[in-house]
Amino acid sequence: MQWILTGLLALLPSFAWAQTNASAATSVTAAASSSVYYPLPSTLSTYYTIPVSPVAFTPIPSPSDPPSIPGIFPSAVPSNPPPVSQDPQVVPDFGPAWAIALEKAAAKVANFTLEEKVNVTTGVYPNSRCVGNIAPVYPIEGRGWPGLCLMDSPLGIRYADFVTAFPTGINTAATWNRAMMRLRGLYIGQEAVGKGVNVQLGPMMNMGKNAQGGRNWEGFGADPFLAGESAYETILGMQQAGVQGCAKHYINNEQEYDRMQESNTVDDRTEHEIYAHPFMRSVMAGVASVMCSYNLINGTYACENDKTLNQILKMEFGFQGYVMSDWTATHSTMSATAGLDMTQPGDIGFGTNSSYFGGNLTAFVENGTISLDRLNDMATRIIAGWYLLGQDSPSYPPTNFNAFNITDPATNQHVDVMDDHYTIVREIGAASTILLKNLGNTLPLKGIRSLTMIGSDAGPDLRGPNGYADRGGDDGVLAMGWGSGTDNFPWLISPLEAIQARARLDHTLVSWFLEDFDYAGVAAEVTGKQLAIVFVNSDSGEGYITVDGNEGDRKNLTAWHGGDELILTVAANNNNTIVVTHSVGPLIIEPWIDHPNITAVLWAGVPGQEVGNSLVDILYGAWSPSGRLPYTIARNASDYPSQLVLGGTPEDILSINYTQGLFIDYRWFDAMNITPRYEFGFGMSYTTFEYSNLNIAAVPNADTYDTELIANWEAGLPNPLGIGSTTAIWLHTPIYIVSFDVTNTGSYYSGEIPQLYVHFPASANEPPSVLKGFTNINLNPGETQTATITLNRYDLSIWDVVAQGWVKPNGTITFTVGASSRDGRLYGTIPS
Ligand code: BGC
């Protein structure tokens, strides 16, 4: 009876909280468990068969405007995206490719029975090989379709062997290098295809609103523009290889605590400008699928949220692919009418053998509650993704591993898909390492006769690289966080191993001491050594695993294993102390950062399987540091604009109010005049750069189509909301080219990351500085090159909540080009 009532309540938005209360209670207990998946709620096995009022369905047509325009808006297919550019000026038009895929899919779906269509939308679990599975439609009377294998994670193929453990999302963003983002995406995609995966469940692009957020390391940092570019390039790369990308977790999945029963109160402007932006860029990259998240948004679950799914994603962004639920994030059959196309893993709770889709969806369609048109649309969108990526090709590999039993000889062929991908892992590891301090040019190292390495993070994990399930443990070097966002390391090159191998070339004497808490031993070890490198880390992950009291989210922002004390002990006994951090996110480093004996600090993040090699490349100068912070390092944890929301009872829906609005991360520090320790975008180099000759020029022929819309925009007026109105070409065509010269004034060949921040007029109520462009440029000593960053109308717009459109604010817009969010070098004005 309770479930009949709950089903009815699900139809009434104002009662959504009542609905969630009932089911959420079980999830909370479950989340505290350390098993891989949540235990099964015992009460969730009742099928909904109640007739409810029919819901009309008007299919959202495909965006039709405008036609492809050679040069700026070329027609593209995923297998042949526009070439990577450090300042992308073309906007690929995947519209024609989608149109063909949708047409083929519709033709295929037309031959399916009702049950077969429903089966396309409903995951099958367990007894399947992948973390998500759509069963085949068997080839009876020419109707066949092989089904889908869906696999984690954003950094490689989870639960498989002979795969690469790529750098995390956060490190990828820290490179600020689009070519690396693209190549990593391509290689992840190639490995997925080689294993016979159809849908790779990444990239992840939640915003890191809370510095402690457990899964921030899977994503791309705390600025929507940087995250958006990282997501865009990653997806172009993945889909070029032939695997379907999955942009996740849509949306406002910003903390692990109570993720299944927290309601995020987010205003419409903040949602559009901050949290939805990376998903918009994913749609522009032609992403095949989007995963809706566990949480609620403004009182309604993400997977039955008409506003975020139908209105923003499918309508405003013109998304033509399919929305899948996060695993057990579906809460009703009627979610289908709110925009959910596929439920995963299929069951209501893991292994409950019942589904909100499956038989319930069939019944709802049969009794007219959900229209057949909508079911056709769901199945068509799903199968269109398969066609879009060319997975109908007979040469597309069948699944050749078994995620749930990776040693089973019958189902694992152990296909080696790693190729030489370790090279890009090593390179991104170096390119994402951020040099925070370098007194007297301590780095790069030269003429070191003796060094010692201190701390467990310097060495191998005691149980081996994959000793903890889903990497849920931390007793050696940290190269990724924990949870579903992981994969198996094929090997893990620790600093201990890599530094020794390099030291051999110089005949440097090497020793180490990995006991984190034996301070007397540490003091004795570092005394008299020419150099002491002390390693500390900080870990986090997904909430179903708790490590050292951290229930997914970090319980504080200090280094693990007594890291602060360890660093201070080393620094007290050795006047050439280098600190290396492997941290999933920011740490409070005030206890030691100004210590005069700490001569250098390297912020290395969580860089994947080549962690030691990447570090050696930086330490010895094979790579001059070009990584830049993808978040702010504060002086106090309380300086951040947002904190985890904790507490509540298992029966509560936790209320999370996004009071900081647009002012996340550096935007808050700037607005509130809070001095950070290291600001967003900061990072030093082994050389120095000078900026000069700023120029801004209008792009010719940027206004030859949609002239009426452009004129409206110029006049500060909103344009009509419509299908694809947010991804429309007139909004994204480059209209200004900002150019400037960068000179390498030092003595090292190095890469620099010039960043462009826009300053809107006060009337716009925007943060003081907003990142809207970056590029990357490599220079020999003494060399000067001209760099460009383009701006489009979208970059210069704000979301007008009343008018529901992107508008140009009234007043003068200025901008800064510089080396970080606070290191402005050149100042300009957008021509009026
Ligand atoms: C995670 C997703 C993941 C899925 C499948 C969920 O718990 O939130 O990111 O893709 O599990 O493993």
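Look up a bit, the structure's there.
Note that the coordinates shown come from a computational prediction; the quantities given were computed from them, not determined experimentally.

Reading the values: rules and limits
- Within each chain, residue numbers correspond to sequence positions counted from 1 in written order.
- In keeping with the model being predicted, local features are shown solely for residues with a pLDDT of at least 70 and side-chain atom pairs are shown and tallied solely at 80 or more, while totals for entire chains, interfaces and linings include all residues.
- Side-chain metrics rest on all non-hydrogen atoms present in the structure, leaving aside hydrogens and water.
- Elements are defined by DSSP. Helices are runs of H or I of four residues or more, strands are runs of E of two residues or more, and each kind is numbered from the N terminus.
- Relative accessibility under 20% of the residue-type maximum defines a buried residue, over 50% an exposed one, and the middle range a partly exposed one, all with a 1.4 Å probe and only protein chains included.
- The criterion used for residue contact is that any of the two residues' heavy atoms lie within 4.5 Å.
- Pairs of N or O atoms within 3.5 Å make up the polar contacts considered here, provided that, within protein, one atom can donate a hydrogen while the other can accept it, and that residues adjacent in sequence are counted only when both atoms are side-chain atoms.
- Proximity is defined per residue: if any heavy atom of the residue lies within 4 Å of a molecule or strand, that residue is considered near it.
- Per-residue and other accessible areas follow the Shrake-Rupley method at a 1.4 Å probe size, with only the shown protein chains counted as cover for residues.
- Lines fitted to the C-alpha atoms define the axes, with helices restricted to the stretch that makes contact. Angles between their N-to-C directions range from 0 to 180 degrees.
- Any angle that falls under 35 degrees is termed roughly parallel, while one over 145 is termed roughly antiparallel, one within 65 to 115 roughly perpendicular, and all others oblique.
- Crossing handedness is defined as follows: a turn of the near helix away from the far one that is anticlockwise and smaller than a right angle gives a left-handed crossing, while the clockwise case is right-handed.
- Only protein atoms enter the 1 Å grid used here. Points where a 1.4 Å probe fits but cannot escape make up a cavity, open sets with protein on both sides within 12 Å along at least five of seven lines make up a pocket, and a residue lines them when an atom lies within 4 Å of a point.
- Grid points are joined across faces, edges and corners, and a volume is the space filled by probe spheres set on the points.
- Residues were grouped as follows: Ala, Val, Leu, Ile, Met, Phe, Trp, Tyr, Cys and Pro as nonpolar; Asp, Glu, Lys and Arg as charged; and all remaining residues, including Gly, as polar.
- Start and end positions for the domains come from either an automated domain assignment or a database one.

Further remarks concern the environment of Trp603. Looking at the secondary structure, you find Trp603 in strand S15 (residues 598-603). With a relative accessible area of 1%, Trp603 lands in the buried category. Trp603 sits 114 residues away from Phe489 along the chain, and the two C-alpha atoms are 22 Å apart. Discounting residues that sit within four places of it in the chain, Trp603 has contacts with Ser432, Thr433, Ile434, Leu436, Thr581, Gly585, Pro586, Leu587, Ile589, Leu629, Tyr631 and Ile633. Looking at Trp603, its side chain comes within polar contact range of the side chain of Tyr631, at 2.8 Å.

This paragraph deals with the site of the ligand. Contacts to the ligand come from 14 residues, most closely from Asp152, Arg215, His249, Asp326 and Glu542. One of the side-chain nitrogen or oxygen atoms of Lys248 is found 2.9 Å away from an oxygen atom of the ligand. Separating an oxygen atom of the ligand from a side-chain N or O atom of Tyr294 is a distance of 2.9 Å. About the coverage of the ligand: the protein hides 99% of its 310 Å² of free accessible area.

Turning next to the packing of helix H4 (residues 114-121) against helix H12 (residues 358-366). Taken N-terminus to C-terminus, the directions of H4 and H12 make an angle of 130°; their axes are 9 Å apart at the nearest point. Between H4 and H12, the angle is such that the two are oblique. Between H4 and H12 the crossing geometry is right-handed. On H12, the residues that touch Leu114, Glu115, Val118 and Thr121 of H4 are Gly358, Leu361, Thr362, Val365 and Glu366.

So, about empty space enclosed by the protein. Counting across every chain of the model gives 12 cavities of 30 Å³ or more. Within this model, the largest cavity holds a volume of roughly 290 Å³. If you trace the largest cavity, you find 25 residues lining it, with Pro88, Glu229, Arg281, Asn792 and Asp795 closest to the centre. Within the residue set of the lining of the largest cavity, elements represented by two or more residues are helix H7 (224-241), helix H9 (277-284), strand S21 (770-774) and strand S23 (784-792). Among the residues making up the lining of the largest cavity, the classes are represented as 13 nonpolar, 6 polar and 6 charged. Inspection of the lining of the largest cavity shows a minimum of three residues originating in each of domain 1 (111-389) and domain 3 (687-829).

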